[in-house]
Amino acid sequence: MDELQYRAMEWTVEQLRQFVATADSGSFSAAARSLGKAQSAVSTAVGMLEVDLGVVLFDRSHRNAQLTDAGRVLLLEARELLRQAEQLDQRAQALSGGADAELSLAIDEALPYTAVASLLREMAQQYPGLELLLLNGTASEVADYVGEGRAGMALHIDRGPVLQHFEQRHLGTVPQGVFVATDHPLADGRVVGLQQLAQHRQLLMHTEDVHERAYSPRVWRSDSFYNIADMVADKLGWAVLPVNIAHYEGNRQALREVPCPALALPPLSVRMLWRQGARRSPTAQYVERRFGQLLAEIQTPEP
């Protein structure tokens, strides 16, 4: 039994390739032409494969090479094995060229969804063999993931100074604005001042060691911009939100931006964060460069 099992594994990837080529082309001669080989070489390779597998793959009683029932079943397996072999070869070439085998990336949930989704789609094409661990959370949570070693780097909105054991790189900005529910008293389209804002509850972002300025004597806090947007939609107060969150799916119809020049809200800075002294791989550098480009693209008005 052990000898039979050993002999059954003597077939090669090249034999599988010639088997599939013969099945696809319908004859040994056509397969030989497509592979640039002699017909006798292809016929011999397929015959040796049949011996190694212990089954007849082609019915040779006809002019063309016709698959047997066993051949049709094993053709599916052969295609899958060739696909895996090609994937193995591609991944080995990528790794030998310095690509990452794996990457752990933490992403702030408040970042523009379109930019994040585009980044991930392009990474899948650029690094097909990469094993990616994606962690999501608030700005402070994703920074903690890097500090704890759970993520190699983080993309997040700047919510305060960077601790000494981190390094950072500015990538771009996202605009922010004052938002209320569509039927809120401040949603009539008129310009408002700080005095009018102070008459209504303010919903503030809560971040450790970062104290957002309150303009109202009545304040509620949350550590999630999405949670704050939901509360705004429920008419629980007004809030300063990243514009991309206010425009996200259901929020677009439920929220309205309030013009308030007195606040003079600057764009929110987006940065990449990693541990001080950590090696920044080519993949990490690609993420930094491409995400910065994507942030700029989504803020460029369409012609």
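Computed from a predicted structure; not experimentally measured. (Residues numbered from 1 in each chain as written. Predicted model: local features only at pLDDT ≥ 70, side-chain atom pairs only at ≥ 80, totals over all residues. Heavy atoms only, no water.)

This part is about the pairing of strand β12 (residues 268–275). The two faces of the sheet receive side chains in turn, since in a regular strand these alternate between them. With respect to burial, β12 is a largely interior element, six of its eight residues being buried. Note: strand β5 (residues 153–157) against β12, five bridges, orientation antiparallel. The residue bridging H156 from the neighbouring strand is R271, located in β12. (Buried < 20%, exposed > 50% of the residue type's maximum accessible area, 1.4 Å probe, protein only. Helix = DSSP H or I, 4+ residues; strand = E, 2+ residues; numbered from the N terminus. Pairing = 2+ DSSP bridges.)

With that out of the way, let us pick up the pattern of salt bridges. For the coordinates displayed, the defined rule picks out 13 salt bridges. One salt bridge in this structure joins E14 and R17, with 2.9 Å as the shortest N-O distance. Separated by three residues within a single helix, E14 and R17 lie in helix α2 (residues 13–25), roughly one turn from each other. Close ionic contact of R290 with E122 constitutes a salt bridge, the shortest N to O distance being 2.5 Å. Linking R290 in helix α12 (residues 282–298) with E122 in helix α6 (residues 113–126), this pair joins segments that are 168 residues apart in sequence. On the basis of relative accessibility, which here comes to 14%, the residue R290 falls in the buried class. Given the relative accessible area of 23%, E122 is considered partly exposed. Shared partners join several salt bridges into a network, and the residues in it are E14, R17 and K37. (Salt bridge = Lys/Arg side-chain N within 4 Å of Asp/Glu carboxyl O.)

A few words on the sheet that holds strand β10 (residues 238–242). With mixed pairing, five strands are arranged side by side in an open sheet as β9-β8-β10-β7-β11. In this open sheet, the two edge strands, each paired with only one partner strand, are β9 (219–222) and β11 (255–258). Between one strand axis and the next, the sheet turns by 40 degrees as a mean value, whatever way the strands run. As judged from the four bridges shared by strand β8 (residues 202–205) and β9, these two strands associate in the parallel manner. Within β9, the residue paired with M205 across the bridge is S222. Against the sheet, helix α9 (residues 225–233) contacts β7 (176–181), β8, β9, β10 and β11, and its axis sits at roughly 140 degrees relative to β10. (Axes fitted to C-alpha atoms, helices over the stretch in contact; angles between N-to-C directions. Contact = heavy atoms within 4.5 Å.)

Turning our attention to a negative patch on the surface. A cluster of acidic residues, E141, D144, E148 and D223, forms a negative patch on the protein surface. With respect to the element layout, E141 can be found in helix α7 (residues 139–147). E141 sits in the partly exposed class, given a relative accessible area of 31%. (Patch = residues over 30% accessible without salt bridge, like charges linked within 9 Å, V, L, I, M, F, W, Y side chains within 5 Å. Areas by Shrake-Rupley, 256 points an atom, 1.4 Å probe, with all protein chains shown as cover. Lys, Arg positive; Asp, Glu negative; His and termini not counted. Charge placed at Lys NZ, Arg CZ, Asp CG, Glu CD.)

What follows deals with α9. If you check which residues of α9 are buried, you get F225, I228, A229, M231 and V232. Projected down its long axis, α9 shows its buried positions confined to an angular sector of 160 degrees, all on one face. Between a side-chain oxygen at the N-terminus of α9 and the backbone nitrogen of Y226 the separation is 3.3 Å; the capping residue is S224. (Arc of directions from axis to C-beta. Polar contact = N/O pair within 3.5 Å; in protein donor to acceptor, adjacent residues only side chain to side chain.)

A few words on the confidence of the model for the protein. Residues with a pLDDT of 70 or more make up 90% of the protein, whose mean pLDDT is 87. Here helix α1 (residues 2–8) is the element of the protein with the lowest mean pLDDT, 46, and β7 is the one with the highest, 96. Counting interchain partners and residues more than four positions distant, the pLDDT-below-50 stretch residues 1–6 has zero contacts. (pLDDT = per-residue confidence, 0-100.)

What follows is about the sheet that holds β5. Pairing in this open sheet of five strands is mixed, and the strands run β4-β3-β5-β12-β6 from one edge to the other. Every interior strand has two partners, whereas the edge strands, β4 (131–137) and β6 (166–174), have only one. Across this sheet, the average inter-strand angle for adjacent strands is 20 degrees, counted without regard to direction. Here α7 sits on the sheet in contact with β3 (102–108), β4, β5, β6 and β12, set at roughly 160 degrees to β5. Relative to β6, α12 is tilted by about 25 degrees, and along the sheet it contacts β3, β5, β6 and β12.

Turning our attention to the packing of α2 against helix α3 (residues 28–35). Look at α2 against α3: their axes get within 8 Å of each other, and the N-to-C directions meet at 120 degrees. Accordingly, the angle class assigned to the pair α2 and α3 is oblique. Crossing geometry of α2 relative to α3 is assigned as right-handed. Contacts from Q18, A21, T22 and S25 in α2 reach F28, A30, A31, S34 and L35 in α3. (Parallel < 35°, antiparallel > 145°, perpendicular 65-115°, else oblique. Left-handed = near helix turned anticlockwise from the far one by under 90°.)

The way to describe two aromatic rings as a pair is by their centre distance and the angle between their planes. Summed over all chains, the structure comprises five aromatic pairs. Taken together, a centroid distance of 5.7 Å and an interplanar angle of 70 degrees make the contact between F28 and F58 edge-to-face. Of the two residues, F28 sits in helix α3 while F58 sits in strand β1 (residues 58–59), which places them 30 residues apart along the sequence. The class of F58 is buried, set by a relative accessible area of 2%. An angle of 80 degrees between the planes, with centres 5.5 Å apart, marks the rings of Y127 and Y286 as edge-to-face. Here the residue Y127 occupies a position in the loop between α6 and β4, and Y286 occupies one in helix α12, the gap between them amounting to 159 residues. Taking the relative accessible area as the measure of exposure, Y127 reaches 16% and is therefore buried. Look at Y286 and you get buried, because its relative accessible area is 9%. Cluster of aromatic residues (ring-pair linked, three or more members): F19, F28 and F58. The cationic tip of R201 hangs over the ring face of W220; the distance from NZ or CZ to the ring centre is 4.2 Å. The side chain of R280 reaches across the aromatic face of W274, ending 4.4 Å from its centre. (Phe/Tyr/Trp six-rings, centres within 6.5 Å; stacked < 30°, edge-to-face > 60°. Lys NZ or Arg CZ within 6 Å of the ring centre and 35° of its normal.)

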